[in-house]
Amino acid sequence: MTRSRLTQREIVGYGLGDMGFNFYWTNISTFLLIFYTDTFGISAAAAATMLFVVKIFNAFTDPLIGAFADRTQTRWGKFRPYLLFLPLPLAVMGVLTYNTPALGPTGKLVWAYVTYLLLMTVYTGINLPYSALSGVITGDARERNAVNASRFVAGFAGGTIVTAASPRLVAWLGDGDPALGWTLTMVFWGTAAAVIFAITFRTTTERVQPGRAEPSSVRQDLRDLRTSLPWILLFFLALIIMGSITLRMTSAAYYFKYVVNRPELLATFVPAYLLAAAAGTACTPMLTRFIDKRKLLIGLMLLSTVLSTAFLFVDADQIALMYALQIALGLALGPKSPLNFSMLADAADFNEWRNGRRATAMTFAASSFAQKLGTAVAVGVIGALFTALGYVPNAVQSADSQSGIVWLMSVIPAAFTLMAAVIMMFYTLDNPTMARIQADLAARNSST
């Protein structure tokens, strides 16, 4: 493994890429469901079912994309080329997903299935290699923490920009027509993301190369992961945390529209979380100097459980308290993303140390795979709850429907983060263990 230090330019350039991805991800997680129900005219149950089915399908394509990326060989490396060639198809699919052709109920649903499926497939085709790139631009654990912190600071910043700007862009570009506004808004975000991906491509270098080993099959790579306890635990960790975040992010639009009766607050409420999460992310490298990653994650998940539960007791007119809890949750949940991705790179090192084979992108497919499953579970919970409680779009909600929305913002995501804390108690790749593994790999590779 090469130990040359990263430059600040490379750390920033890599991190900037996640801002581009959040131009899509935040729009999808925050606005897509309410776009389908309140603009495109699909029922909540049908839209939620569609999102769930597509996420499940895409989750099972992620290992295939990871295997393909691991076997890519170009003069630019394994993972960087995807940042160069796929942004245009991604932009096209983003525009089509947020387009509203004049179709009947069945035609609208078919259009939603096809466009959203293709959007998420192409998104993963870029995002998964980008994530794996963090595992090969450095083999140093502290540098990985810094790289992933940079990534998620930029990602949260991108999410903040999107949440604040998208409703305004829709109103401005659509000039009173939200359907047209959403289409043109996605043209804007797709163009901006493509520029950012080009910058990330130009500023990064793939340094870490696996030791010489016999080529492995996709089946062997999957077998290695299935027998890796750290990978299995990180898989479920990512699934549960993404489920918790998606529940709150998606429910926030409904919460302010139908419970607080102030939908305009969404434009500052979600950015308040994202800015706080960015601050928490920025503190991650400092925190990991004093606290082991495993212990830090357990503490943060327990704190998030308490803060989410507290939201149940906030009245609809206690706006300041809503924002205070939201900011506290952002600070608590901010470090989880760089910690999780740094741990995935550690899991790739562990698998190479144990098996003599390295499948970086396949290892990182755990996160993409789990995030999509977690999102699917969250959307499924929302759709089922809305259907059971009689949600009616663009109408005054019943008391049961309002209570369900509040639970989606509080107790239900709290149960998810509590499960995440329990899972991390079984994780074994602490700092001393990783130092020993990386020293062994360095010695092994220097002798080949």
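Above this text is the structure in question.
Chains are numbered independently. Their residues run from 1 in the order of the written sequence. For this predicted model, a pLDDT threshold of at least 70 governs which residues receive local features, and a threshold of 80 or more governs which side-chain atom pairs are given and counted, while totals over whole chains, interfaces and linings are taken from all residues. Here the side-chain values reflect all heavy atoms present in the structure, with hydrogen atoms and water set aside.

A positive phi angle is found at D175, which is not glycine, with a value near 50°. Only runs of H or I of at least four residues qualify as helices and only runs of E of at least two qualify as strands under DSSP, and these elements are numbered from the N terminus. Within the secondary structure, D175 sits in the loop between helix 6 (141-174) and helix 7 (178-203). With a phi angle near 60°, N261 is a residue other than glycine that sits in the positive phi range. Given the relative accessible area of 56%, N261 is considered exposed. For every residue, the accessible area obtained with a 1.4 Å probe (protein chains only) is divided by the maximum for its type, and the residue is called buried under 20%, exposed over 50%, and partly exposed between those limits.

This next bit is on the environment of L325. For L325, the location among the structural elements is in helix 13 (residues 319-333). Setting aside its immediate chain neighbours within four residues, L325 contacts L307, A310, F311 and V314. Contacts are assigned to residue pairs with any non-hydrogen atoms lying within 4.5 Å of each other.

Any Lys or Arg side-chain nitrogen found within 4 Å of a carboxyl oxygen on Asp or Glu counts as a salt bridge. Applying the stated rule across the entire model yields five salt bridges. Among the ionic pairs, D38 bridges to K257, the shortest N-O distance being 2.6 Å. Placement of the pair is D38 in helix 1 (residues 8-40) and K257 in helix 9 (residues 229-259), with a sequence separation of 219 residues.

The next thing to look at is the packing of helix 10 (residues 266-282) against helix 13. Fitted lines through C-alpha atoms give the axes, limited to the stretch in contact for helices. The angle between two N-to-C directions lies from 0 to 180 degrees. The interhelical angle for the contact between helix 10 and helix 13, taken along N-to-C directions, is 35°, at an axis separation of 6 Å. The crossing of helix 10 and helix 13 is right-handed. Residues T268, F269, V270, A272, Y273, A276, A277, A279 and G280 of helix 10 pack against M322, Y323, Q326, I327, L329, G330, L331 and L333 of helix 13. Side-chain classes are defined by residue name, with Ala, Val, Leu, Ile, Met, Phe, Trp, Tyr, Cys and Pro counting as nonpolar, Asp, Glu, Lys and Arg as charged, and the others, Gly among them, as polar. Class assignment of the residues belonging to the contact of helix 10 with helix 13 gives a composition of 13 nonpolar, four polar and no charged. Handedness of a crossing is defined here by the sense of rotation of the near helix relative to the far one, left-handed for an anticlockwise turn of less than a right angle and right-handed for a clockwise turn.

Here we take up the packing of aromatic side chains. For any two aromatic rings, the description comes down to two numbers: the centre-to-centre distance and the angle of the planes. Stacked, edge-to-face and tilted are the three classes for Phe, Tyr and Trp ring pairs, Trp counted by its six-membered ring, which pair at centre distances within 6.5 Å; planes under 30 degrees apart are stacked, over 60 edge-to-face, the rest tilted. What the rule picks out here adds up to 29 aromatic pairs. Aromatic side chains F35 and W182 sit 6.1 Å apart centroid to centroid with 70° between the ring planes, which places their arrangement in the edge-to-face category. Of this pair, F35 sits in helix 1 while W182 sits in helix 7; the two residues are 147 residues apart in sequence, bridging distant segments of the chain. A ring is considered to have a charge above it if a Lys NZ or an Arg CZ atom is located within 6 Å of its centre and within 35 degrees of its normal. Positioned over the ring face of F201 is R80, at 4.3 Å from the centre of the ring. Above the ring of F311, the side-chain terminus of R248 is found at 5.1 Å from the ring centroid.

Let us now look at the side chain of T30. Locating T30 in the fold gives a position in helix 1. Look at T30 and you get buried, because its relative accessible area is 2%. With residues near it in sequence (within four places) discarded, T30 still touches M249 and A253.

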